[in-house]
Amino acid sequence: MLDILLSLLILTGAVFIFIGSLGLVRLDDFYTRLHGPTKATTLGVGSLLIASMIHFSLQGNGISVHEILITLFLFITAPVSAHLLSKAALHRQLRSRAPLPPLINTAETEK
Amino acid sequence: MLNFALMIALALVSAAAVLTLWRLVRGPSPPDRILALDTLSVNVIALLVLFGIHLNSALYFEAALLIALLGFVGTVALCKFLLRGDIIE
Amino acid sequence: MTRLPHPVLTLSLALVWLLLANSLAPGQVLLGVLLGWLIPRFTQRFSPDRIHIHAPLVLLRFVALLFHDILIANLNVAWLILREPRQLTPAFVVVPLDLRSDLGISAFAGAVSLTPGTVSSWLSPDRRSLVVHGLHVRNPDALVATLKRRYEIPLLKVFEPC
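Residues numbered from 1 in each chain as written. Chains lettered and ligands numbered in written order. Predicted model: local features only at pLDDT ≥ 70, side-chain atom pairs only at ≥ 80, totals over all residues. Heavy atoms only, no water.

1. What about the overall build of chain B?
1) Next: When helices and strands are counted, chain B shows 3 helices and 0 strands.
2) Next: Along chain B, from the amino end to the carboxyl end, the secondary structure elements read α-α-α.
3) Next: Each principal axis of the C-alpha distribution contributes one length, and for chain B these read about 50 × 25 × 10 Å.
4) Next: For chain B, buried positions account for 46% of its 89 residues. (Helix = DSSP H or I, 4+ residues; strand = E, 2+ residues; numbered from the N terminus. Buried < 20%, exposed > 50% of the residue type's maximum accessible area, 1.4 Å probe, protein only.)

Next up, the structure:
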């Protein structure tokens, strides 16, 4: 029973990570590509780490919670790196499928 | 059952790492490559966690944590470099 | 220099130490509290503003809402990636900000990035508006209204009550 739960968690995690990287290859401009890794991977790694927590808690050496640390860290850092990446991309004026708002252009040229 | 699931998961995550590598090589712009590197570090964290469960050893946790820390710092440093042309101000 | 400059930071540092040590032994608790007390004292110059959490219950509800939304957003984005990418309608939308504090704006940007198919991309230099990139936007005005209602209002209550 527990095996099934663990297997399900591990497989969901792996599938989400795979979809995240697939998005990196499939989507066709930088700003949309940014969505795949920041979203799909956080959930993927999150569920893998929950699986790891359950697995090691059942080994008899007391409960294991330090996986929360990685999950928390990734949840806090993923938006920060995504924001910096898209800021860098806007700064370099990468091609975008969506039109840029006029706000950015005026601010960037003034600098 | 668990071992079978672990094998499939390892295969999927490795495939994800290969896709990310393709984007890293292909580019076309520097931010794309940084994004690929960032994603690669997340993939490697997932691989290490899976490996830890597979070998039943908690030792891999520290390595995963270190890669998470270094991956984030690396991404931030590279983005700063693109934004300012300089890392330490 | 006050004795305990950041109570919230102290508590979270102690908690992180216990998680890292992966144990609740009395020695580790003591060490954690000691580190949580010393580190903010020595790094006070980096963060002179004291953090005030005005409505802890609202914050808890916000975190619960965030986890729920992260789950939904992940399924949503995974589905969008698997569909035909040509059908996507990505767009930049500008969210006017009512939040003023550093922490409030960072928390809002983080929440926006983690949830419904949007990534915060750019903060205007006057810090009055946040540019957000959406993966599949059908109605930009509705998106802005949702973001403001769901995330900004609770954050305003938590960090900047007037």
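2. Observations regarding the nonpolar core
1) Next: Ranked by internal contacts, the top residues of the largest apolar core, which has 31 residues, are I10, I17, V45 and I70 of chain A together with I45 and L50 of chain B.
2) Next: Among the secondary structure elements, those contributing two or more residues to this core are helix 1 (2-26), helix 3 (35-57) and helix 4 (67-91) of chain A together with helix 1 (2-26), helix 2 (30-55) and helix 3 (60-84) of chain B.
3) Next: For this core, the element with the highest residue contribution is helix 2 of chain B, accounting for 7 residues.
4) Next: Excluding its chain neighbours within four sequence positions, the residues that come into contact with I10 of chain A are L48 and A51 of chain A together with L2, A5, L6, A9, L50 and I53 of chain B.
5) Next: Counting 25 residues, the second largest nonpolar core, distinct from the first, contains F62, L66, L114 and V144 of chain C. (Core = buried A, V, L, I, M, F, W, Y, C linked by side-chain atoms within 4.5 Å. Contact = heavy atoms within 4.5 Å.)

3. Thoughts on the interface of chain B and chain A
1) Next: Counting from both sides, the interface comprises 47 residues of chain B and, opposite them, 45 residues of chain A.
2) Next: Buried area between chain B and chain A, both sides added, is near 4,100 Å², and the carbon and sulfur share of it is 82%.
3) Next: Considering only the side of chain B, the residues that lose the most area to chain A are L35, F61 and L83 of chain B, jointly responsible for 15% of the buried surface there.
4) Next: On inspection of chain B and its partner chain A, the count reaches 1 salt bridge.
5) Next: One salt bridge in this structure joins D32 of chain B and R33 of chain A, with 2.4 Å as the shortest N-O distance.
6) Next: Elements with a minimum of two residues in the side of chain B that touches chain A: helix 1, helix 2 and helix 3 of chain B. (Buried area = accessible area lost by both parts, 1.4 Å probe. Salt bridge = Lys/Arg side-chain N within 4 Å of Asp/Glu carboxyl O.)

4. Section: helix 3 of chain A
Within an α-helix, residues lying three or four positions from one another point in the same direction, as the helix has 3.6 residues per turn.
1) Next: Between its terminal C-alpha atoms helix 3 of chain A stretches 33 Å, which fits the 33 Å expected from 23 residues at 1.5 Å a residue.
2) Next: The sharpest bend along helix 3 of chain A reaches about 30 degrees and sits at T41 of chain A. (Expected span 1.5 Å × (residues − 1). Bend = angle between axes of the 7 residues up to and from the residue.)

5. Let's talk about helix 1 (residues 7-21) of chain C
1) Next: For helix 1 of chain C, which comprises 15 residues, the first-to-last C-alpha distance of 21 Å matches the rise-based estimate of 21 Å (1.5 Å per residue) to within 8%.
2) Next: Looking only at helix 1 of chain C, the buried set comprises T10, A14, L18 and L19 of chain C.
3) Next: Along its buried surface, helix 1 of chain C packs onto helix 4 of chain A together with helix 2 (26-42) of chain C.
4) Next: Just downstream of helix 1 of chain C lies N22 of chain C, where phi reads positive at about 60 degrees.

6. A look at the domain arrangement of chain C
1) Next: Looking at chain C, the domain boundaries give domain 1 (7-46) and domain 2 (56-159).
2) Next: Between the C-alpha centres of domain 1 of chain C and domain 2 of chain C the distance comes to 31 Å. (Domains from an automatic or database assignment.)

7. Details of the pattern of salt bridges
Residues and elements named next belong to chain C.
1) Next: As enumerated under the stated definition, the model contains 2 salt bridges over all chains in all.
2) Next: Ionic pairing is found between R150 and D69, a salt bridge with its closest N-O pair at 2.9 Å. Of this pair, R150 sits in helix 5 (residues 140-159) while D69 is found in helix 3 (residues 56-82), placing the two residues 81 residues apart along the sequence.
3) Next: Taking the relative accessible area as the measure of exposure, R150 reaches 27% and is therefore partly exposed.

8. Side note on the side chain of T32 of chain A
1) Next: With respect to the helices and strands, the residue T32 of chain A is situated in helix 2 (residues 30-33).
2) Next: Relative accessible area serves as the criterion here: at 2%, T32 of chain A is assigned to the buried category.

9. Describing the sheet that holds strand 1 (residues 91-96) of chain C
1) Next: Taken in spatial order, the 3 strands line up as 1-3-2 (chain C) in an open sheet, and their pairing is antiparallel. A single partner strand is all that each edge strand has here, and the edge strands are strand 1 and strand 2 (118-123) of chain C. Direction aside, the axes of adjacent strands within the sheet are offset by 30 degrees on average.
2) Next: When strand 1 of chain C meets strand 3 (residues 129-134) of chain C, the two strands line up antiparallel, connected through 6 bridges. By the bridge assignment, V93 of chain C is partnered in strand 3 of chain C with V132 of chain C.
3) Next: Against the sheet, helix 4 of chain A engages strand 1, strand 2 and strand 3 of chain C, with an angle of about 55 degrees to strand 2 of chain C.
4) Next: Of the strands in this sheet, strand 1, strand 2 and strand 3 of chain C touch helix 4 (residues 102-114) of chain C, which is tilted by about 145 degrees from strand 2 of chain C. (Pairing = 2+ DSSP bridges. Axes fitted to C-alpha atoms, helices over the stretch in contact; angles between N-to-C directions.)

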